[in-house]
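So you can see what is in the structure, the chains are spelled out below.
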Amino acid sequence: MKLQLNRAAVIVLFAAASFFTSCKSYNVASRYTSKYINANTGKVSAQVPETFELGYTMLALTDLAQTDTTIINKNTAYYHELMAWFNKYKDHKGVRHLNADLNRNANMIKCYLDGLYAFQLNDGRVALKTSYRIDLNKVDFKRYALLLQNFYKETNFHEFYTQHQGMYADMVQRANGMFNYNEMQKGISTQANGYQVVLSPLINAYAGTMQIKGHTYNECIVFPRMSTNGLSYAFKENIAIDNKSKAY
């Protein structure tokens, strides 16, 4: 079912307005190729990555996410559809492992979500993108890649993701139309050669940035938060730019 974005519009809170601050990340390290650098320099690209959404879905099923209302945005039709599909898999081994890790240290959520960005799906296989390294992340992604891959297959996640392509595409289109590279440079304290905006209808409290530094190319990954009140971007602490008139 295609869900319109006005049911859950995007609000990006850049690091200063979030409880996660902007800093150089060791959760994901760079392995940039010249091809990647040439393709992304001076650009802002929004996306709803399937692997990121897969990992966020598994997080949504954990005990912590169910009890802590700040982690997942539950005030959308999308969330209720997701839970109707996946709630029966809350005892999946991947969810159990994530539960155990978060019970030991709830702050591992940032390491987990940052790390998800470095992965992609190749014919149902969760694989590391060629432009990144993950070896310094505190989360054991050698194990989680296999757990996510198993969850993907057992739950038929791809069908759910495909059914919501209309909503994801609408989110990406609107986000790409909001700000250009120069505006991002001015608005975010983290200066970068390129910006990736990673969208998910599930993001709630986790709204910040991850800076990945290479030898000649620095990248800023921006993670947005969802809101039902309109399409807005907050650049600095306590400063929000309301773009409802542009979005609707």
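Refer to the structure above for everything that follows.
Remember, it's a predicted structure, so these values are computed and weren't measured experimentally. Residues take numbers from 1 onward in each chain, read along the sequence in its written order. pLDDT decides what is reported in this predicted model: residues at 70 or higher carry local features, side-chain atom pairs at 80 or more are listed and counted, and totals for whole chains, interfaces and linings draw on all residues regardless. Note that the side-chain values use all heavy atoms of the structure and ignore hydrogens as well as water.

## Here we look at the sheet that holds strand 3 (residues 44-47)
Step number 1: Pairing in this open sheet of 4 strands is mixed, and the strands run 3-7-9-8 from one edge to the other. Strands at the two margins of the open sheet, each flanked by one partner only, are strand 3 and strand 8 (209-213). Strand-to-strand twist of the sheet, defined as the mean angle between neighbouring strand axes without regard to direction, takes the value 20°.
Step number 2: Across 4 bridges, strand 7 (residues 194-198) lies against strand 9 (residues 218-222) in parallel orientation. At least two bridges found by DSSP between two strands is the condition for calling them paired. Only runs of H or I of at least four residues qualify as helices and only runs of E of at least two qualify as strands under DSSP, and these elements are numbered from the N terminus. Only the stretch in contact is used when fitting a helix axis, every axis being a line fitted to C-alpha atoms; angles between N-to-C directions are given from 0 to 180 degrees.

## Description of the packing of aromatic side chains
Step number 1: Each aromatic pair joins two rings of Phe, Tyr and Trp (for Trp, the six-membered one) with centres within 6.5 Å, and gets the label stacked for planes under 30 degrees apart, edge-to-face for over 60, and tilted for any other angle. Throughout the structure, instances matching the rule amount to 24 aromatic pairs.
Step number 2: Plain terms: the ring middles of F86 and F151 are 6.0 Å apart, the flat faces sit at 20° to each other, and that makes the pair stacked. With F86 in helix 4 (residues 77-86) and F151 in helix 7 (residues 141-154), this pair connects stretches of sequence that are 65 residues apart.
Step number 3: Judged by its relative accessible area of 0%, F151 falls in the buried class.
Step number 4: Taken together, the aromatic side chains of Y78, W85, F86, F151, Y152, F157, F160, Y161 and Y168 make up a single cluster linked through ring pairs.
Step number 5: Whether a charge lies above a ring is judged from NZ of Lys or CZ of Arg, which has to be within 6 Å of the ring centre and within 35 degrees of the ring normal. Lying across the ring of Y117, K129 places its NZ or CZ 4.0 Å from the centre. Exposure classes here rest on a 1.4 Å probe applied to the protein chains alone. A residue is buried below 20% of its type maximum, exposed above 50%, and partly exposed in between.

## Some remarks on the pattern of salt bridges
Step number 1: What counts as a salt bridge is simple: a side-chain nitrogen of Lys or Arg found within 4 Å of a carboxyl oxygen of Asp or Glu. Overall, the coordinates contain 5 salt bridges when judged by the stated rule.
Step number 2: Linking R143 and D101 is a salt bridge whose minimum nitrogen-to-oxygen distance equals 2.8 Å. Of the two residues, R143 sits in helix 7 while D101 sits in helix 5 (residues 93-104), which places them 42 residues apart along the sequence.
Step number 3: Given the relative accessible area of 16%, D101 is considered buried.
Step number 4: We note a salt bridge from D135 to R133, for which the minimum N-O separation is 3.0 Å.
Step number 5: Counted as one network, the salt bridges with shared partners bring together D101, R104 and R143.

## A closer look at the nonpolar core
Step number 1: Counting 73 residues, the largest nonpolar core has L59, I72 and Y112 as its most contacted members.
Step number 2: Beyond its immediate stretch of four places on either side in the chain, Y112 contacts G55, M58, L59, L98, V139, F141, Y144 and L148. For the purposes of this section, nonpolar cores are sets of buried Ala, Val, Leu, Ile, Met, Phe, Trp, Tyr and Cys residues that join through side-chain atoms within 4.5 Å. Contacts: residue pairs with any heavy atoms within 4.5 Å of one another.

## What to know about helix 4
Step number 1: Within helix 4 the residues assigned to the buried category are Y78, Y79, L82, M83 and F86. Buried residues of helix 4, viewed axially, fall in a sector of 130°; they line one side. In helix 4, the exposed residues that point more than 90 degrees away from the buried face are H80 and A84.
Step number 2: In this structure, the buried side of helix 4 is in contact with helix 2 (50-60), helix 3 (63-67), helix 7, helix 8 (157-163) and helix 9 (165-176). The directions from the helix axis to the C-beta atoms are what the arc is built from.

## Looking at unusual backbone geometry
Residues other than glycine predominantly adopt negative phi, and peptide bonds predominantly adopt the trans conformation.
Step number 1: In this model, D123 sits at a positive phi of 55°, which is unusual for a non-glycine residue.
Step number 2: Residue placement: D123 occurs in the loop between strand 4 (119-122) and strand 5 (125-128).
Step number 3: Residue class for D123 comes out exposed when judged on its relative accessible area of 86%.
Step number 4: Positive phi values are uncommon outside glycine, yet N156 reaches one of about 55°.

## Quick word on the packing of helix 2 against helix 6 (residues 108-116)
Step number 1: Put simply, helix 2 and helix 6 touch, their axes get as near as 8 Å, and they point 155° apart. Here helix 2 is positioned roughly antiparallel relative to helix 6, judged by the angle of their axes. For the pair helix 2 and helix 6, contact is made by T51, F52, G55, Y56, M58 and L59 and by I109, Y112, L113 and L116, respectively.
Step number 2: Residue polarity is assigned by list, with Asp, Glu, Lys and Arg as charged and Ala, Val, Leu, Ile, Met, Phe, Trp, Tyr, Cys and Pro as nonpolar; anything else, Gly included, falls into the polar class. A class-by-class count of the residues in the contact of helix 2 with helix 6 yields 8 nonpolar, 2 polar and no charged. Oblique is the label for every angle not falling under 35 degrees (roughly parallel), over 145 degrees (roughly antiparallel), or within 65 to 115 degrees (roughly perpendicular).

## Examining the environment of Y132
Step number 1: Tracing the backbone shows Y132 in strand 6 (residues 132-133).
Step number 2: Taking the C-alpha atoms as reference, Y132 lies 8.5 Å from F119; in sequence the two are 13 residues apart.
Step number 3: With near-sequence residues (within four places) excluded, Y132 lies in contact with V28, A29, R31, Y32, Y36, Y117, A118, I212 and E219.
Step number 4: A distance of 3.0 Å separates a polar atom in the side chain of Y132 from a polar atom in the side chain of Y36.
Step number 5: A polar contact of 3.3 Å, which involves the side chain of Y132, links it to the side chain of Y117. Residues adjacent in sequence count toward polar contacts only when both atoms are side-chain atoms; beyond that, a polar contact is any pair of N or O atoms within 3.5 Å, and within protein one must be able to donate a hydrogen and the other to accept it.

## Looking at the side chain of T155
Step number 1: Following the sequence through the fold, T155 ends up in the loop between helix 7 and helix 8.
Step number 2: Setting aside chain neighbours within four positions, we find T155 in contact with W85, F86 and Y89.

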